[in-house]
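The residues making up each chain are set out below.
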Amino acid sequence: MTEKTLSAERFWTVPQGAMLARLGSGPMGLGAVEAERRLAETGPNTVADRPRLEIAAKIGRRLIEPLVAILLVAALVSGLTGDWPGFVIIACIVGVSVGLDVVQEHRAELAAARLRDSVAVKASVRRDGQVVSLPVERIVPGDVVELTAGGLVPADGILLESRGAQANEALLTGEPYPVGKRGGVSEASSPADAFNAVFAGTAIVAGAATMLVVTTGRATRLGGVAASLAARRPPTAFERGLHGLGLLILRLTAFLVLLVLLAHLSFQRPPLESFLFAIALAVGLTPELLPMVTTVTLSRGAMRMARKRVVVKRLAAIHDLGAMDVLCTDKTGTLTEARIALADATRADGAPSSRALGLASLNAGLASGMPSALDAAILRANPPAPGWRALAEAPFEFERRRSAVLCEGEGQRLLVVKGAPEAVLAVCTAMEGADGTTQPMTDALRAELLARADARGGEGLRLLGIAWRSMGQDETIEGPHTEADLVFAGFCGFLDPAKASAVDAVGRLGALGVRVKIVSGDAAPVLLHLVQTLGLPCKGVLTGEDIEALDHPGLVARVQDVDLYARVSPDQKRRVILALKANGHTVGFIGDGINDAPAIHAADAGLSVEGATEVARAAADLILLAPDLGVLAEGVEEGRRTYANIMKYVRMGTSSNFGNMFSMATASLLIPFLPLLPAQILLNNLLYDLSEMGIPFDSVDAEDVAKPHSWDMGAVLRFTLVMGPLSSVFDLATFGILLWGFGATPEEFRTAWFIESMATQVLVIFLIRTHGRAWRTTAPHPALIATSLSALAAAFALALGPLAPVLGFAPLRGALLAVIAGLVLGYLVAAEALKHLAAPSP
Ligand SMILES: Nc1ncnc2c1ncn2[C@@H]1O[C@H](COP(=O)(O)OP(=O)(O)OP(=O)(O)O)[C@@H](O)[C@H]1O
Ligand SMILES: [Mg+2]
């Protein structure tokens, strides 16, 4: 039976034994060899397309690119017509540039993939009878996987056994209340009702289970929506910008090349030569290296960021991180130490209460839900009373903000509930007094208790309300409605020290032009207290209730000036992010919980930390190896450096290189011979590409790091419109002087023009790399100096050295060389003087 039919069918209706047999597996899982075989057959367990890493495929893909293919055919034709040197030169140049391109990109992608794998989500899989921890991507149908609370379900499958497992399937069903999962056979017609099935991308929030994997990757339910998943992440401004620029250049190139070709043919020039010239021109014009350059620069940026403890999962996110001007963060761990300790347990009236604490530790200790820092703090202070056992539970869940445990002991059967004070008080109808007597919960009493909770929140205490009720022998937890008619027992207060280093980090981010907003599930008074303690420049509060009452446009209007968001649910976190994006911000979100995953996903730069829940890490684009905003500030700087270096290529390509090719096309129409032979153009292009290989290493202007920058097509065009014509003016002057001043022969003309055009194209990087005066900013990186000067030296050696005659170059008179030197100098001076006109507006 194939993957497809299995996924289409309701696999949860097949009994365990039959399913194991069908998948050729057993309770102890697969053997490693068989698993490898299946992996090769079904492919990796991922819904995203992984970039293909085979080097041969890449070379093949480049050779069939239209330009290269035409060039190769053309070379062949010229070879057949007897022009062997032409053939050899063109073939060599194509070989070298495709080779360089592929090797560089391949190495960059491998390195980036290694980084990504280092933070990959792992699963516990039974292989050869042992439990091993494997990257989720390596899971195959037939695998037996152990699931625990807080973990992500890695694929679709059925449960072989369950120890109170509950799953949050909101991602697939939209239903936030956790659903119980157990073994057995279900006759359900829809996956939402299949109690024995678990699905990729959902989270186990309580208990533990063993699953048999039925389908993986794109064959899963999540994979089914993966087509829309791919569409879900629209290309960033940067990706769109690069693409748009590429298209623009492509159109211009096509236009220019066709024009040149037609003109040459109508002038009755030799057709093969004209054709080759036009093709070489097209090669020179197209930014064919830009994709490779972007990949290489980005992955170099990723390496540097990894050294600063930021691991990049999605390369383009580096740009988003640099462009980010609003960072939303949850509270615990980033702004606080996440060293949560129980401060006190009190009765409703404020007196210390061992009763409230005892109930709280029953709830915390008997639950099998996700290990929570609050639960751990309660248990450290007071272990649960012996002799009690749990019968059922409704694990904590962020929309409801409560957890409930049905437990039995000392001859009683109790439902014990703890959660956010207002969430608990809302389901209480009585209050327990000092002597164990109860009084009815009135609205006035409830308001008084909430006010007390707020007051203690204002002292920085995180509060949980504790409540209980007796349950009948046949009663059990049936859903959220079971949590009603409770008796309020008191509060537990927790302290989580503010993180002193956060002040500095928020300051640094502020200096970088990134405004920090806090988006938390905790109460408003706690957030305000934290902000005061740390002295953070955050103002304005919106609560989950406020947000609930706003529609999207209303929220968009409010988020601009509000920095604190309290008691927000996971979906509201996401809504806040979307509202900020709608205001034109590039938004980052950092969080570590299941509740943060939707917002992480919605953000331009989704961030999580190494110790975070799997769900959060899976949703993130970037992972901080230390839960520290300071690390993030360094990552932001690195992201901006990377972007600034990519922009250097773009500016180089759109000004000098484009200008030169443009002048040459024009010249070819005005003068009676080709300004450069096709092979010479290709050589020129290759050397120019080589000269740029040092750019990813280069340092950048302080001002490029100081502010968020995102793609600005206007700035790119402005730069082109100033620098392009400038380059052309000097080129035309060169042509005039060569032809009329020196009466140069075609060979001399080409040699001189080759040298001049190489020198101007290569050297201008030293001006373009900075917005300020070239001699005042940080020195260029030695690697950039080395690649630029060696490319230039190679150009001189080829044009004037022993190979010159083969390449069609001729020796130059001294006076001519001097004039060229003068022109190059003149161009550089003029470019330096004019570049501020072309600079992006401040
Ligand atoms: N294990 C738990 N049992 C009961 N209630 C809980 C539990 N965990 C959290 N809560 C309640 O839910 C609220 C929201 O949870 P939490 O504070 O973890 O959200 P958050 O958005 O992750 O916060 P932060 O910004 O601090 O990371 C808490 O303030 C608390 O009232
Ligand atoms: Mg949190």
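The model shown is predicted, which means the values in this text are computed figures rather than measured ones.

Colleague: Please give an account of the confidence of the model for the chain that cites residues and values.
Modeller: With 95% of its residues at a pLDDT of at least 70, the chain reaches an overall mean of 87. Under a pLDDT of 50 for its full length, residues 1-7 has, in the predicted model, 12 contacts with residues more than four places off or in other chains. Considering only residues more than four positions removed or in separate chains, one finds that residues 226-231, a stretch of pLDDT under 50, has 3 contacts. As a predicted assembly, this complex carries a pTM of 0.84 together with an ipTM value of 0.97.

Colleague: Describe in detail the sheet that holds strand β22 (residues 605-609), supporting the description with residues and values.
Modeller: An order of β8-β23-β22-β21-β9-β18-β20-β19 is seen for the 8 strands of this open sheet, with the pairing classed as mixed. Among the strands making up the open sheet, the edge pair consists of β8 (310-312) and β19 (541-543). This sheet shows a mean twist of 20° between the axes of neighbouring strands, independent of strand direction. In this structure, β8 lies alongside strand β23 (residues 622-624), joined through 3 bridges in antiparallel fashion. Considered in β23, the bridge of valine 311 is made with isoleucine 623. Strands in contact with helix α22 (residues 570-582) are β9 (326-329), β18 (515-519), β20 (564-566) and β21 (587-590); relative to β21, the strand with the most contacts, it is inclined by about 160°.

Colleague: Can you lay out the pairing of strand β4 (residues 156-168) for me, pointing to particular residues and giving the numbers?
Modeller: Relative to strand β7 (residues 203-215), β4 is paired through 10 bridges, and the arrangement is antiparallel. By the bridge assignment for β7, alanine 167 is matched with isoleucine 204. Judged from the 2 bridges that link them, β4 and strand β6 (residues 197-198) form a sheet pairing that is antiparallel. Within β6, the position partnered with isoleucine 158 by the bridge is alanine 197. Alignment of β4 against strand β5 (residues 179-180), held across 2 bridges, turns out to be antiparallel. Paired with alanine 167 across the bridge in β5 is valine 179.

Colleague: Describe in detail the environment of arginine 380, supporting the description with residues and values.
Modeller: When you line up the elements, arginine 380 lands in helix α15 (residues 373-381). Along the primary structure arginine 380 and alanine 341 are separated by 39 residues, whereas in three dimensions their C-alpha atoms are 8.4 Å apart.

Colleague: Describe the site of ligand 1, naming the residues involved and giving the relevant values.
Modeller: What surrounds ligand 1 is a group of 19 residues, the closest being Asp330, Lys331, Ala420, Ser520 and Gly521. Along the lines of polarity and charge, the residues of the shell around ligand 1 split into 4 nonpolar, 8 polar and 7 charged. Both of domain 3 (310-337 + 498-625) and domain 4 (341-495) provide at least three residues apiece to the shell around ligand 1.

Colleague: Give me the domain arrangement of the chain: which residues, what numbers.
Modeller: Under the domain assignment used here, the chain contains domain 1 (3-49 + 122-223), domain 2 (234-301 + 640-838), domain 3 (310-337 + 498-625) and domain 4 (341-495). Measuring from the centre of the C-alpha atoms in domain 2 to the corresponding centre in domain 4 gives 72 Å.

Colleague: How would you sum up the packing of helix α28 (residues 713-741) against helix α33 (residues 814-838)? Please name residues and give values.
Modeller: α33 packs onto α28 with a crossing angle of 160° between their chain directions and a minimal axis gap of 10 Å. When the axes of α28 and α33 are compared, the pair comes out roughly antiparallel. Between α28 and α33 lies a crossing whose hand is right-handed. Touching Arg718, Phe719, Val722, Met723, Leu726, Phe730, Ala733, Thr734 and Ile737 of α28 are Val819, Leu823, Gly826, Tyr827, Ala830, Ala831, Leu834, Leu837 and Ala838, all from α33. In terms of residue class, the contact of α28 with α33 is built from 15 nonpolar, 2 polar and 1 charged.

Colleague: An account of unusual backbone geometry is requested, with residue identities and associated values reported.
Modeller: Unusually for a residue other than glycine, aspartate 128 sits at a positive phi of about 50°. Looking at the element boundaries, aspartate 128 is found in the loop between β1 (122-127) and β2 (130-135). Positive phi, normally seen in glycine, also occurs at aspartate 485, with a value near 55°. Note on aspartate 485: 14 C-beta atoms within 10 Å, which makes it partly exposed.

Colleague: Give me the UniProt feature "transmembrane region" (unreviewed entry) in the chain: which residues, what numbers.
Modeller: The positions that UniProt labels "transmembrane region" (unreviewed entry) are, in the present scheme, residues 63-80, 242-263, 275-299, 661-683, 715-740, 752-771, 783-803 and 815-834. Summarising residues 242-263: 100% helix, 0% strand, and an end-to-end C-alpha distance of 31 Å. Along residues 715-740, the helical share is 100% and the strand share 0%, with 38 Å between the first and last C-alpha atoms.

Basis of the calculations
- Residues numbered from 1 in each chain as written.
- Chains lettered and ligands numbered in written order.
- Predicted model: local features only at pLDDT ≥ 70, side-chain atom pairs only at ≥ 80, totals over all residues.
- pLDDT = per-residue confidence, 0-100.
- Contact = placed C-beta atoms within 7 Å.
- Pairing = 2+ DSSP bridges.
- Helix = DSSP H or I, 4+ residues; strand = E, 2+ residues; numbered from the N terminus.
- Axes fitted to C-alpha atoms, helices over the stretch in contact; angles between N-to-C directions.
- Near = placed C-beta within 6 Å.
- Nonpolar A, V, L, I, M, F, W, Y, C, P; charged D, E, K, R; others polar.
- Domains from an automatic or database assignment.
- Parallel < 35°, antiparallel > 145°, perpendicular 65-115°, else oblique.
- Left-handed = near helix turned anticlockwise from the far one by under 90°.
- Buried ≥ 20, exposed ≤ 12 C-beta atoms within 10 Å, placed from the backbone.
- UniProt positions renumbered as here; feature names shortened; annotations may be inferred.

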